[in-house]
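# Survey of secondary and tertiary structure
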Amino acid sequence: MRLALFEPDIPPNLGTMLRLGACLGVPVHVIEPCGFPVDDKRIRRAAMDYYELARLTRHASWQAFRRAQQEGQLPGRLVLLTTKAAATFPAVEFRPDDILLLGRESAGVPDEVHEAVDGTDGLRLRVP
């Protein structure tokens, strides 16, 4: 399983996901651009002592992330966590290779991301 953050807005949230990923041994993918300046110093500060344990991959754009998927670097089903879906947690069976995709804190993800998830072996999961 992997976590993917689509253009995050809030640095402490990125830090939280990096710490979570480090604790659970789950890689974290950041799909840029972020809503804040991103450099190693800021990421280290947000991740605190967990930075060295975190497995972070940065993608320059949604297109770069999708390209990595298509080239087989990111196998697995995209699971978009969204308010715009019918499926709920109790009804979903997660897979070991799932990529849990979270949208921007301020705006979620654009329609093209929703469409990509629907058009692949993907799943939109409602989070109220």
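As a reminder, the structure under discussion sits directly above these lines.
Below you will find a few notes about this structure. (Residues numbered from 1 in each chain as written. Predicted model: local features only at pLDDT ≥ 70, side-chain atom pairs only at ≥ 80, totals over all residues. Heavy atoms only, no water.)

### Overview of the sheet that holds strand 1 (residues 2–6)
In sheet architecture, strand pairing relies on hydrogen bonds along the backbone and comes in two forms, parallel and antiparallel. The six strands lie next to each other as 3-2-1-5-4-6, forming an open sheet whose pairing is parallel. The two strands at the open ends of the sheet, each matched to only one other strand, are strand 3 (56–59) and strand 6 (123–126). This sheet shows a mean twist of 25° between the axes of neighbouring strands, independent of strand direction. Where strand 4 (residues 78–82) lies against strand 6, four bridges are found, and the strand directions are parallel. Bridging across to strand 6, Val 79 finds its partner in Leu 123. Those strands touched by helix 3 (residues 62–70) are strand 1, strand 2 (28–31), strand 3, strand 4 and strand 5 (99–102), and its axis lies near 145° from that of strand 4. (Pairing = 2+ DSSP bridges. Helix = DSSP H or I, 4+ residues; strand = E, 2+ residues; numbered from the N terminus. Axes fitted to C-alpha atoms, helices over the stretch in contact; angles between N-to-C directions. Contact = heavy atoms within 4.5 Å.)

### Some words on helix 1 (residues 11–24)
Over its 14 residues, helix 1 extends 20 Å from the first C-alpha to the last, a length consistent with the 20 Å expected when each residue adds 1.5 Å. Gly 25 sits one or two residues past helix 1 and shows a positive phi near 70°. (Expected span 1.5 Å × (residues − 1).)

### What about the side chain of Arg 66?
Mapped onto the elements, Arg 66 comes out in helix 3. Excluding residues within four positions of it along the chain, Arg 66 makes contact with Leu 78, Ala 116 and Thr 120.

### A short note on helix 4 (residues 111–119)
What helix 4 keeps buried is the set Val 113, His 114, Ala 116 and Val 117. Take helix 4 and look down its axis: the buried residues cluster within an arc of 160°, on one side only. Pointing more than 90 degrees away from the buried face of helix 4 are the exposed residues Asp 111, Glu 115 and Gly 119. In this fold, the buried residues of helix 4 make contact with strand 1, helix 3, strand 4, strand 5 and strand 6. (Buried < 20%, exposed > 50% of the residue type's maximum accessible area, 1.4 Å probe, protein only. Arc of directions from axis to C-beta.)

### Thoughts on the packing of aromatic side chains
Under the criterion given, the structure shown has three aromatic pairs. A centroid spacing of 5.6 Å and a plane angle of 25° characterise the contact between Trp 62 and Phe 65, whose relative ring orientation is stacked. In this pair, Trp 62 and Phe 65 are both assigned in helix 3, three residues apart and thus about one turn of the helix distant. Look at Phe 65 and you get buried, because its relative accessible area is 0%. Plain terms: the ring middles of Phe 89 and Phe 94 are 6.2 Å apart, the flat faces sit at 40° to each other, and that makes the pair tilted. (Phe/Tyr/Trp six-rings, centres within 6.5 Å; stacked < 30°, edge-to-face > 60°.)

### Structural notes on the nonpolar core
Note that soluble globular proteins tend to have their nonpolar side chains buried in a common cluster. Counting residues in hydrophobic clusters, the biggest one holds 19 residues, and the most contacted among them are Leu 3, Leu 5, Leu 14, Leu 18, Val 28, Ile 43 and Val 79. Within the residue set of this core, elements represented by two or more residues are strand 1, helix 1, strand 2 and strand 6. For this core, the element with the most residues is helix 1, which contributes four residues. With residues up to four places along the chain from it excluded, the contact list for Leu 14 reads Leu 5, Val 30, Phe 36 and Ile 43. (Core = buried A, V, L, I, M, F, W, Y, C linked by side-chain atoms within 4.5 Å.)

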